[in-house]
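The lines below spell out each chain.
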Amino acid sequence: MKFSEDILRQFDLEPQEEREPVNVMQIREMLEFMRQCAERIVKKSRKYLECSDEETKEDCIDIVTARLNDFTQVFKDLMIFMRKEEGTHNGGTSLRYGMTSFETFDFEQTEEEKLFLRELLLRNEITHDYFNRELHQQKLIWIMQHCADGAVDVYNNIYEYCSKKNLLKKYADKNV
């Protein structure tokens with residue numbers, strides 16, 4: 001029995017191109033990712049508040065949890081990059097270090113932004129403490145109800161800083 005080439009192509013049997021992990025990214029790309037995360041946090045938080053369907057609400061919580069984790073990672077990396085650029089990085093890499101670093105830039109912060117940043121440590125709890133997941137979920141819902149828009153405010157401050165300092169075309173290296 002012979003197979004036609006068209007049938008074989010339909011099965012997509014071509015080997016996938018192997019890709020190497022990327023440890024260097026342009027600041028503009030990092031900020032775009034941060035913006036997407038922040039906007040998704042806000043969008044799904046609003047959807048959660050407007051919705052009465054329990055399954056949809058659970059999906060919103062899952063999406064906000066995932067995007068909060070992504071937001072936190074890029075936030076930490078940007079804070080380290082910014083501190084290195086100004087020559088004040090002391091080797092810190094923790095979320096607390098990132099949060100403290102953010103304060104050193106004297107950004108004009110909205111109240112929601114301050115609340116959001118204060119509660120950002122919840123990401124660590126969600127990630128590492130599944131024993132208390134219901135407690136953490138209640139805290140996440142509180143964030144979704146009261147300060148999700150603060151994520152966009154954080155992004156806006158960092159973007160404005162990087163733009164003013166001509167950092168958008170520079171690269172952050174995860175290995176350095």
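Look above for the structure.
Below: a short report on this structure. Given the structure is predicted, the values throughout are model-derived calculations rather than measurements.

Some details on the packing of helix H5 (residues 111–119) against helix H7 (residues 133–146)
Relative orientation of the contacting elements H5 and H7 amounts to 165°, with a least axis distance of 10 Å. One finds that H5 runs roughly antiparallel with respect to H7. Seen from above, H5 lies across H7 with left-handed handedness. Residue-level contacts link Glu112, Leu115, Phe116 and Glu119 of H5 to Lys139, Trp142, Ile143 and His146 of H7. Across the contact of H5 with H7, the residue classes break down as four nonpolar, one polar and three charged.

What about the nonpolar core?
Membership of the largest hydrophobic core comes to 43 residues, with the highest contact counts inside it found for Met34, Phe71, Phe75 and Ile158. For this core, the elements supplying multiple residues, two or more each, are helix H2 (27–50), helix H3 (54–86), helix H4 (95–104), H5, H7 and helix H8 (150–164). With 11 residues, the top contributor of residues to this core is H3. Residues in contact with phenylalanine 71, not counting those within four places in the same chain, are Met34, Cys37, Ala38, Ile41, Phe116, Leu120, Ala151 and Val154.

As for the pattern of salt bridges
Tallying each qualifying case throughout the model produces nine salt bridges. In this structure, aspartate 77 engages lysine 174 in a salt bridge whose closest nitrogen and oxygen atoms are separated by 3.1 Å. Here aspartate 77 is found in helix H3, whereas its partner lysine 174 is found in the segment after strand E2 (171–173), with 97 residues between them in sequence. Lysine 164 serves as the salt-bridge partner of glutamate 160, at 3.1 Å between the closest nitrogen and oxygen. Of this pair, glutamate 160 and lysine 164 both sit in helix H8, separated by four residues, roughly a single helical turn. On the basis of relative accessible area, glutamate 160 is assigned to the partly exposed category, the value being 42%. Lysine 164 gets classed as exposed once you look at its relative accessible area, which sits at 64%. If you follow the salt bridges from partner to partner, you end up with Glu32, Arg35 and Glu39 in one network.

Here's the deal with the environment of isoleucine 63
Along the polypeptide, isoleucine 63 turns up in helix H3. When its relative accessible area of 25% is taken as the criterion, isoleucine 63 is described as partly exposed. Along the backbone, isoleucine 63 and valine 22 are 41 residues apart, and their C-alpha atoms lie at a distance of 24 Å.

Notes on the side chain of glutamine 109
Considering the arrangement of structural elements, one finds glutamine 109 in the loop between H4 and H5. The exposure class of glutamine 109 is buried, given its relative accessible area of 17%. Engagement of the side chain of glutamine 109 in a polar contact is seen with the side chain of glutamate 103, the distance being 3.4 Å. Among residues more than four places away in sequence, those in contact with glutamine 109 are Phe102, Glu103, Lys114, Leu117 and Asn157.

Cut-offs used in this document
Residues numbered from 1 in each chain as written. Predicted model: local features only at pLDDT ≥ 70, side-chain atom pairs only at ≥ 80, totals over all residues. Heavy atoms only, no water. Axes fitted to C-alpha atoms, helices over the stretch in contact; angles between N-to-C directions. Helix = DSSP H or I, 4+ residues; strand = E, 2+ residues; numbered from the N terminus. Parallel < 35°, antiparallel > 145°, perpendicular 65-115°, else oblique. Left-handed = near helix turned anticlockwise from the far one by under 90°. Contact = heavy atoms within 4.5 Å. Nonpolar A, V, L, I, M, F, W, Y, C, P; charged D, E, K, R; others polar. Core = buried A, V, L, I, M, F, W, Y, C linked by side-chain atoms within 4.5 Å. Buried < 20%, exposed > 50% of the residue type's maximum accessible area, 1.4 Å probe, protein only. Salt bridge = Lys/Arg side-chain N within 4 Å of Asp/Glu carboxyl O. Polar contact = N/O pair within 3.5 Å; in protein donor to acceptor, adjacent residues only side chain to side chain.

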